[in-house]
Amino acid sequence: EADIYQTPRYLVIGTGKKITLECSQTMGHDKMYWYQQDPGMELHLIHYSYGVNSTEKGDLSSESTVSRIRTEHFPLTLESARPSHTSQYLCASSAPGQGSGSPLHFGNGTRLTVT
Amino acid sequence: AQSVTQLDSQVPVFEEAPVELRCNYSSSVSVYLFWYVQYPNQGLQLLLKYLSGSTLVKGINGFEAEFNKSQTSFHLRKPSVHISDTAEYFCAVIISGGYNKLIFGAGTRLAVHP
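The rules we used
Residues numbered from 1 in each chain as written. Chains lettered and ligands numbered in written order. Predicted model: local features only at pLDDT ≥ 70, side-chain atom pairs only at ≥ 80, totals over all residues. Heavy atoms only, no water. Contact = heavy atoms within 4.5 Å. Buried area = accessible area lost by both parts, 1.4 Å probe. Salt bridge = Lys/Arg side-chain N within 4 Å of Asp/Glu carboxyl O. Polar contact = N/O pair within 3.5 Å; in protein donor to acceptor, adjacent residues only side chain to side chain. Helix = DSSP H or I, 4+ residues; strand = E, 2+ residues; numbered from the N terminus. Nonpolar A, V, L, I, M, F, W, Y, C, P; charged D, E, K, R; others polar. Disulfide = S-S within 2.5 Å. Buried < 20%, exposed > 50% of the residue type's maximum accessible area, 1.4 Å probe, protein only. Phe/Tyr/Trp six-rings, centres within 6.5 Å; stacked < 30°, edge-to-face > 60°. Lys NZ or Arg CZ within 6 Å of the ring centre and 35° of its normal. Pairing = 2+ DSSP bridges.

## Overview of the interface of chain B and chain A
Reasoning step 1: Counting from both sides, the interface comprises 24 residues of chain B and, opposite them, 27 residues of chain A.
Reasoning step 2: Buried surface at the junction of chain B and chain A, summed over both partners, amounts to about 2000 Å²; 51% is from carbon and sulfur atoms.
Reasoning step 3: Counting every contact that joins chain B to chain A gives 0 salt bridges.
Reasoning step 4: Our count for the chain B to chain A interface comes out at 4 residue pairs in polar contact (both at pLDDT 80 or more).
Reasoning step 5: For the side of chain B that touches chain A, the elements supplying multiple residues, two or more each, are strand E5 (31-38), strand E6 (44-50), strand E10 (87-95) and strand E11 (102-104) of chain B.
Reasoning step 6: For the side of chain B that touches chain A, the leading source of residues is E5(B), giving 4 residues.
Reasoning step 7: Within the side of chain B that touches chain A, the residues separate by chemical class into 13 nonpolar, 9 polar and 2 charged.

Set out below in structure tokens:
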């Protein structure tokens, strides 16, 4: 059962709109991540956070931004959506304790379509 | 740069047959290795992980994987698959000492037929 929640599951929106994808986890994990996934392609890290008030860009350049004001919440925002932003966005978190070997726990994703 | 290669984009197999999904990685340093499964319209779920110790790792749903350092491989196997195993499988690597930066392969679609 998922302890990391993403809303909405599906979103269809017009070009130019501002959107926020929500991600919350109830496990108290300090590290959180956003991945972008296109069909048949590997997941690409677009943002990550070590903890409150800590955010970094990932490997794949993204026009989105993130914030981490609370441990459990890691929303992703697109100020002006474009068709090129159409993709699936997966949020994940990981616990301390096993160093960099801690597995990631994933939410069910938000499938975004920009028309 | 580190990378993960999943050698088969699709693997069709009949129910109750064995299956192997292949994964190779490139890294000159210690790594942690993972296999994740993604069912339709869901997020990724951890199948198994190799951090250290025994090179044969057992995971959920009857899957196992073997870490081979000399061949830089981490192939996933199951001796007898079920229809319910139909899903996308992702191999992933974390570079030791990093910040849990997970590098994914492109995925292998396992299709189990009756």
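## A short note on the state of the cysteines
Residue and element names in this part refer to chain A.
Reasoning step 1: Applying the stated criterion across every chain, the model contains 2 disulfides over all chains.
Reasoning step 2: At a sulfur-sulfur separation of 1.9 Å, the disulfide partner of Cys23 is Cys91. The disulfide joining Cys23 to Cys91 has a torsion of about -75° about its S-S bond and is therefore left-handed. Of this pair, Cys23 sits in strand E3 (residues 19-25) while Cys91 sits in strand E9 (residues 87-94), and the two are 68 residues apart along the sequence. Here Cys23 and Cys91 have matching classes, each one buried.

## A word on unusual backbone geometry
Reasoning step 1: Residues A:Thr7 and A:Pro8 are joined by a peptide bond in cis, for which omega reads -10°.
Reasoning step 2: As for its placement among the helices and strands, A:Pro8 is situated in the loop between strand E1 (4-7) and strand E2 (10-13).
Reasoning step 3: Of note in this structure, A:Asn53 is not a glycine but carries a positive phi near 65°.
Reasoning step 4: Mapped onto the fold, A:Asn53 is located in the loop between strand E5 (44-51) and strand E6 (54-57).
Reasoning step 5: Unusually for a residue other than glycine, B:Thr72 sits at a positive phi of about 45°.
Reasoning step 6: Positionally, B:Thr72 belongs in the loop between strand E8 (64-68) and strand E9 (73-78).

## Overview of the packing of aromatic side chains
Reasoning step 1: Overall, the coordinates contain 12 aromatic pairs over all chains when judged by the stated rule.
Reasoning step 2: Look at B:Phe63 and B:Tyr89: their rings are 5.4 Å apart centre to centre, the planes differ by 45°, and that puts the pair in the tilted class. Here B:Phe63 is found in the loop between strand E7 (56-58) and E8, whereas its partner B:Tyr89 is found in strand E10, with 26 residues between them in sequence.
Reasoning step 3: Feature note: the residues A:Tyr33, A:Tyr35, A:Phe106, B:Phe34, B:Tyr36, B:Phe90 and B:Phe104 constitute an aromatic cluster, connected by ring pairs.
Reasoning step 4: The residue whose ring lies beneath A:Arg68 is A:Phe74, and the NZ or CZ to ring-centre distance is 5.8 Å.

## A few points about the sheet that holds strand E7 (residues 65-66) of chain A
Strand pairing in a sheet relies on backbone hydrogen bonds. The paired strands run either parallel or antiparallel.
Residue and element names in this part refer to chain A.
Reasoning step 1: With respect to topology, 4 strands assemble into an open sheet ordered E1-E3-E8-E7, the strand pairing being antiparallel. Both outer strands of the open sheet, E1 and E7, are each paired with one neighbouring strand and no more.
Reasoning step 2: Sheet topology places E7 next to strand E8 (residues 76-78); 2 bridges connect them, and they run antiparallel. When the bridges of E8 are listed, Thr65 appears paired with Thr77.

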